[in-house]
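# Chain and residue survey
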Amino acid sequence: MIYDFNDYNLHVWLVLLITIALISLNLIVPKVRLNKLNKLKKIDKN
Amino acid sequence: MNRAFNSLKTFYHKLGSSPWFYRISEITIPYLALFSFLFLSIGIVWGVFFSPTDFKQGDVYRIIYMHVPAASVSQSIYYTMTVAAVVSIIWRMKMAGIFIKSMAPIGASFTFLALISGSIWGQPTWGTWWIWDARLTSTLVLFIFYIAIISLYSSFSEKKSADQAVSILTLVGAVNLPIIKKSVDWWNTLHQPASIKFTESSSISPEMLYPLIISIFGFYLVVLLSGLMAMRAEIAKREINKEWFKNY
């Protein structure tokens, strides 16, 4: 287990952090884009 | 046999319909989100926190649970984009263009993750962040192709011409895929050969292998999920003035 932060563990934590950030970005960006377009559609309808 | 072929043909034709795809993907997304979260968290938590420590590398080898899945999906995404490029060039299917446009940024981000995680792993184990080794260089070329595809697409104002140009560029980049795969066999590289093999037994211990397989599966699910979400956004952007979308 790697709960302590020795030199090598820091490398693993860093990669884990980048992984989470990139996956989140891939999910958030299209969601935000679609929400914006749906808002535009609603404004257009009204 | 004939019935199976006919249903496959119907499915293929349905795939070309953006309203159908938009509706079906909306139903699929919540289930995909649930399963990708489950597989990813089980694979990564098991691998990073509970799998045994490597006798040579210590804990730093745990980067494998993010590096290998990222490298695997980064190439698979390009393979699927190549198929879409062929479809786009031959049949001019609109959805194929939408697929390439939506998947390129996802592919680029996972290739970036494969490169950066490999670099962070290389520093303590190889003693260097980067080396112009065949596997690393061909993966960097893959990343450059993803960026070129994104840039080329944004340089066109007309979607149909953009789809065609990007499809041709995608096909050109496909030449690099077998080079990445075979780079560790063709050249003497610092990067090790594949540890997981489908035709023979893997050189990695089962306690380390199982979380890795789960993590790889989780990454594929997350790619599918983000791909569907990106494609929905792209369909909405292109068809915002279409009657079906206004009434959806």
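This is a predicted model, so every value here is computed, not measured.

### Things to note about the overall build of chain B
Of regular secondary structure, chain B possesses 9 helices and 0 strands. Element order for chain B, N to C, with α for helix and β for strand: α-α-α-α-α-α-α-α-α. Computed over C-alpha atoms, the radius of gyration of chain B comes to 20 Å, within 12% of the 18 Å expected from 2.2 N^0.38 for 248 residues, which places it in the range of a compact globule. Projected onto its principal axes, the C-alpha coordinates of chain B cover approximately 60 × 35 × 35 Å. For chain B, with 248 residues in total, the buried portion stands at 38%. In chain B, of all internal contacts separated by at least 6 residues, the share reaching a separation of at least 24 is 77%.

### Some points on the nonpolar core
Residue and element names in this part refer to chain B. The biggest cluster of nonpolar side chains holds 60 residues, and the ones touching the most others in it are Ile63, Ala70, Ile77, Phe99 and Ile100. Among the elements that make up this core, the one with the highest residue count is helix α8 (residues 206-238) (16 residues). Those residues in contact with phenylalanine 99 that sit more than four places away from it in its chain are Ala84 and Met231.

### Digging into the environment of Trp129(B)
All names here are of chain B. With respect to the element layout, tryptophan 129 can be found in the loop between α4 (94-126) and α5 (134-154). Separated by 122 residues in the primary sequence, tryptophan 129 and serine 7 have C-alpha atoms spaced 50 Å apart. Once you skip the residues sitting within four places of it in the chain, tryptophan 129 turns out to touch Ser119, Gly122 and Gln123.

### Some thoughts on the environment of Gln123(B)
All names here are of chain B. In this fold, glutamine 123 is placed in helix α4. Taking the C-alpha atoms as reference points, glutamine 123 and isoleucine 44, separated by 79 residues in sequence, lie 22 Å from one another. Once residues lying within four places of it in the same chain are set aside, the contact partners of glutamine 123 are Thr128 and Trp129.

### Comments concerning the interface of chain A and chain B
Size of an interface: often given as the accessible area lost when the parts come together. Across the contact, 24 residues belong to chain A and 28 residues belong to chain B. Looking at the side of chain A that touches chain B residue by residue, the classes come out as 16 nonpolar, 4 polar and 4 charged.

### Describing unusual backbone geometry
Residue and element names in this part refer to chain B. The phi torsion at arginine 92 lies on the positive side, around 55°, for a residue other than glycine. Tracing the backbone through its elements, the reader meets arginine 92 in the loop between α3 (64-91) and α4. Note on arginine 92: 13 C-beta atoms within 10 Å, which makes it partly exposed.

### A look at helix α2 (residues 18-50) of chain B
Each turn of an α-helix holds 3.6 residues, which means side chains three or four residues apart point in the same direction. Of all the bends in α2(B), the greatest reaches close to 35° and is centred on Thr28(B); the proline Pro30(B) follows between one and four positions later. Along α2(B), the residues that are buried comprise Ser18(B), Ser36(B), Phe39(B), Leu40(B), Gly43(B), Ile44(B), Gly47(B) and Val48(B).

### Focus: the packing of α5(B) against helix α6 (residues 159-173) of chain B
Residues and elements named next belong to chain B. Put simply, α5 and α6 touch, their axes get as near as 9 Å, and they point 165° apart. By the angle between their axes, α5 is roughly antiparallel relative to α6. In this structure, α5 meets α6 at a crossing whose hand is right-handed. Every residue of α6 that contacts α5 at Phe145, Ala148, Ile149, Leu152 and Tyr153 is listed here: Ala162, Ala165, Val166, Leu169, Thr170 and Gly173. A breakdown of the residues in the contact of α5 with α6 according to their chemical character gives 9 nonpolar, 2 polar and no charged.

### Some remarks on the packing of α4(B) against α5(B)
Residues and elements named next belong to chain B. Running from N to C, α4 and α5 point in directions that differ by 150°, and their axes come no closer than 9 Å. By the angle class used here, α4 and α5 are roughly antiparallel. The element α4 and its partner α5 pack so that their crossing is left-handed. Between α4 and α5, the contacting residues are Lys101, Ala104, Pro105, Gly107, Ala108, Thr111, Phe112, Ala114, Leu115 and Gly118 on the first element and Leu136, Thr139, Leu140, Leu142, Phe143, Tyr146, Ile147, Ile149, Ile150 and Tyr153 on the second.

Conventions we followed
- Residues numbered from 1 in each chain as written.
- Chains lettered and ligands numbered in written order.
- Predicted model: local features only at pLDDT ≥ 70, side-chain atom pairs only at ≥ 80, totals over all residues.
- Helix = DSSP H or I, 4+ residues; strand = E, 2+ residues; numbered from the N terminus.
- Rg over C-alpha atoms; globule rule 2.2 N^0.38 Å.
- Buried ≥ 20, exposed ≤ 12 C-beta atoms within 10 Å, placed from the backbone.
- Contact = placed C-beta atoms within 7 Å.
- Core = buried A, V, L, I, M, F, W, Y, C linked by C-beta atoms within 7 Å.
- Nonpolar A, V, L, I, M, F, W, Y, C, P; charged D, E, K, R; others polar.
- Bend = angle between axes of the 7 residues up to and from the residue.
- Axes fitted to C-alpha atoms, helices over the stretch in contact; angles between N-to-C directions.
- Parallel < 35°, antiparallel > 145°, perpendicular 65-115°, else oblique.
- Left-handed = near helix turned anticlockwise from the far one by under 90°.

Purely geometric stuff here, so don't read any function into it on its own.
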